[in-house]
Amino acid sequence: MTPKRISDRTRNEWVTAYAFLLPNTLGLLTFVFIPIVYAFYVSLHDWNALSPKVFSGFANYKALLQDDLWWNSVLKTLLFSVIYVPSLYMLSLISAVLLNALKGRIVGPVRTMFLMPFAITSIISAIIGMYMLDPRNGVINHLLGFLGIGPQQFLGSTSQAMLSIVGVILWINVGYNMIIFLSAMKEIPRDYYEAAQIDGATGWKAFRWITFPLLTETSTFILIVTMIGSFQAFDQIVVMTKGGPANATEVSVLYIFKQGFELLNMGYASALAFVLFLIIFCLSIIQLKLLSLRK
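Counting restarts for each chain: residues are numbered from 1 in the order of the written sequence. Totals for whole chains, interfaces and linings use every residue, but because this is a predicted model, local features are given only for residues with pLDDT of at least 70 and side-chain atom pairs only at 80 or more, for both listing and counting. Here the side-chain values reflect all heavy atoms present in the structure, with hydrogen atoms and water set aside.

A few words now on the side chain of T226. With respect to the element layout, T226 can be found in helix 10 (residues 216–231). Only heavy atoms matter for contacts: two residues are in contact if any of them lie within 4.5 Å across the pair. Setting aside chain neighbours within four positions, we find T226 in contact with Y84, V85, L88 and N177. In this description a helix means any DSSP run of H or I spanning at least four residues, a strand means any run of E spanning at least two, and both kinds are numbered starting from the N terminus.

See the structure below:
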């Protein structure tokens, strides 16, 4: 093949590659990067979304440093993330391992059962969870009654509301992450397990030395995406508690929403949103660095 033909072929491959990347690139530019830049621009103004913007410099950022309600919502978000992220990771991984060990016709129904809460909209799933946690007629309190445990307030208790929300969101999302783990497990060559079985490494040992190490990239993806999602939790919390009781579940995104769309402090809400973006970005980089040390 002549150098000219090689050059033409290489150029065509690059053009094809960029053509496939173009839709996602435009999507990221339109729906991610431009809104981030615009949010920072708006954060430098005093604006109520009705009158013209008034430039205020970094006044909104100075105000948020002294806003105790904002930092309390950040702490609530961190609490939610600390409980939710490792719980979702462990439950998804354990469920995937157990489902991977199942054989026969039962696999399909079990997989569907796990995916069903995720398949319907998050709002409907949150409403179902809210009824399940109802203090008077909820199925959870009925089950606790069979165990001799008295009725709990769940979403009506300042000490139980956050854990209850975590439980509902786990119930919604475990199935999706389980399928991701399960797909990664199916890609592991069976030769590894056969060789390990000859050496006597089965069960836990096979999982410890073969399955888990080969799931590193999948684990990294799930942990980072889950962490980002935990800082963006909003719809289920709005449906179930609206940030109550007594602001016990008022996470950062909900506080930003109230500032922007209830109080019409668009400039201040944009400053809060940009700070939250920086927090998520920094935590994602730290998490990626820590997880890369395992490789």
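Additional details are given in the paragraphs that follow.
What follows is about the pattern of salt bridges. Salt-bridge detection follows one rule: a side-chain nitrogen of Lys or Arg within 4 Å of a carboxyl oxygen of Asp or Glu. Overall, the coordinates contain one salt bridge when judged by the stated rule. Residues E250 and K258 are paired through a salt bridge, measuring 2.8 Å at the closest nitrogen-oxygen approach. Taken individually, E250 and K258 each receive the classification buried, so the pair is uniform in this respect. Partly exposed residues are those whose accessible area sits between 20% and 50% of the maximum for their type, while under 20% is buried and over 50% is exposed, using a 1.4 Å probe and protein chains only.

Turning next to the packing of aromatic side chains. Aromatic rings from Phe, Tyr and Trp, with only the six-membered ring used for Trp, were paired whenever their centres fell within 6.5 Å, and each pair was classed as stacked if the ring planes differed by under 30 degrees, edge-to-face if by over 60, and tilted otherwise. This model, assessed by the stated rule, comprises 16 aromatic pairs. Aromatic pair F40 and Y61: ring centres 6.4 Å apart, planes at 45°, arrangement tilted. Taken together, the residues F40 in helix 1 (residues 3–43) and Y61 in helix 2 (residues 59–65) connect sequence positions 21 residues apart. Using a relative accessible area of 14% as the deciding quantity, one classes Y61 as buried. Aromatic side chains F40 and F274 sit 4.9 Å apart centroid to centroid with 45° between the ring planes, which places their arrangement in the tilted category. Taken together, the residues F40 in helix 1 and F274 in helix 13 (residues 266–292) connect sequence positions 234 residues apart. Taking relative accessible area as the criterion, F40 reaches 31% and is therefore assigned partly exposed. Residue classification places F274 among the buried residues on the basis of a relative accessible area of 16%. A network of ring pairs unites the aromatic residues F40, F58, Y61, F274, F277 and F281 as a single cluster.

Our next topic: the packing of helix 8 (residues 190–198) against helix 9 (residues 204–214). As a packed pair, helix 8 and helix 9 sit with axes 10 Å apart at the nearest point and diverge in direction by 160°. Taken together, the axes of helix 8 and helix 9 lie roughly antiparallel to each other. Taken as a pair, helix 8 and helix 9 cross one another with a handedness that is right-handed. On helix 9, the residues that touch Y192, Y193 and A196 of helix 8 are A206, I210, T211 and L214. Structural elements are reduced to axes, namely lines fitted to C-alpha atoms, with helices fitted over the stretch in contact, and the angle between N-to-C directions of any two is expressed from 0 to 180 degrees. Angular relationships are summarised with four words: roughly parallel below 35 degrees, roughly antiparallel beyond 145, roughly perpendicular across 65 to 115, and oblique for the angles in between. Note on convention: the crossing is left-handed when the near helix lies turned anticlockwise from the far helix by less than a right angle, right-handed when the turn is clockwise.

A few words now on the nonpolar core. What we call a nonpolar core is a set of buried Ala, Val, Leu, Ile, Met, Phe, Trp, Tyr and Cys residues that are connected through their side-chain atoms within 4.5 Å. Counting 56 residues, the largest nonpolar core has L64, W70, F80 and Y84 as the members making the most contacts within it. At the level of elements, helix 2, helix 3 (68–101), helix 4 (107–119), helix 7 (161–186), helix 10, helix 11 (235–240), helix 12 (252–262) and helix 13 are the ones that each hand at least two residues to this core. Sort the elements by how many residues they give to this core and helix 7 lands first, with 13 residues. Discounting chain neighbours no more than four positions away, the residues touching L64 are W70, W71, Y268, A271, L272 and V275.

Among the secondary structure elements, L223 is positioned in helix 10. Residues L223 and L291, spaced 68 residues apart in sequence, show a C-alpha to C-alpha distance of 9.2 Å. In contact with L223, other than residues within four places in its own chain, are V85, Y89, Q287 and L291.

The subject of this paragraph is unusual backbone geometry. Cis rather than trans, the peptide bond between G244 and P245 has omega equal to -10°. Its identity as a non-glycine residue notwithstanding, A246 has a phi of 55°, on the positive side. Even without being glycine, N247 reaches a positive phi, approximately 60°. Tracing the sequence through the fold places N247 in the loop between helix 11 and helix 12. Note on N247: relative accessible area 33%, which makes it partly exposed.

Turning next to the side chain of S95. The topology assignment puts S95 in helix 3. Throughout this description, a polar contact denotes any pair of N or O atoms lying within 3.5 Å of each other; where both atoms belong to protein, one of them has to be capable of donating a hydrogen while the other can accept it, and for residues adjacent in sequence the pair is counted only when both atoms sit in side chains. Of note is the side chain of S95, whose polar atom sits 2.6 Å from the backbone oxygen of L91.

Let us now look at a positive patch on the surface. The grouping of K103, R111, K186 and R190 at the surface amounts to a positive patch. Relative to the assigned elements, R190 resides in helix 8. Each patch is assembled from residues with relative accessible area greater than 30% and no salt bridge, linking like charges that lie within 9 Å and nonpolar side chains (Val, Leu, Ile, Met, Phe, Trp, Tyr) that lie within 5 Å. For accessible areas, the Shrake-Rupley method is used with a probe of radius 1.4 Å. Any residue's cover is judged against the shown protein chains and nothing else. Only four residue types enter the tally: Lys and Arg on the positive side, Asp and Glu on the negative side, with His and both chain ends excluded. For charged residues, the charge sits on one atom: NZ in Lys, CZ in Arg, CG in Asp, CD in Glu.

Right, let's talk about the environment of F281 for a bit. Looking at where F281 falls in the secondary structure, it is placed in helix 13. When its relative accessible area of 46% is taken as the criterion, F281 is described as partly exposed. Distance from F281 to F80, taken between C-alpha atoms, is 18 Å for residues 201 residues apart in sequence.

Turning next to helix 5 (residues 122–132). By the burial criterion, the buried members of helix 5 are S125, A126 and G129. What you see down the axis of helix 5 is that its buried residues fit within an arc of 100°, all on one side. The secondary structure elements touched by the buried residues of helix 5 are helix 4, helix 7 and helix 11. Read the arc as the range of directions from the helix axis to the C-beta atoms.

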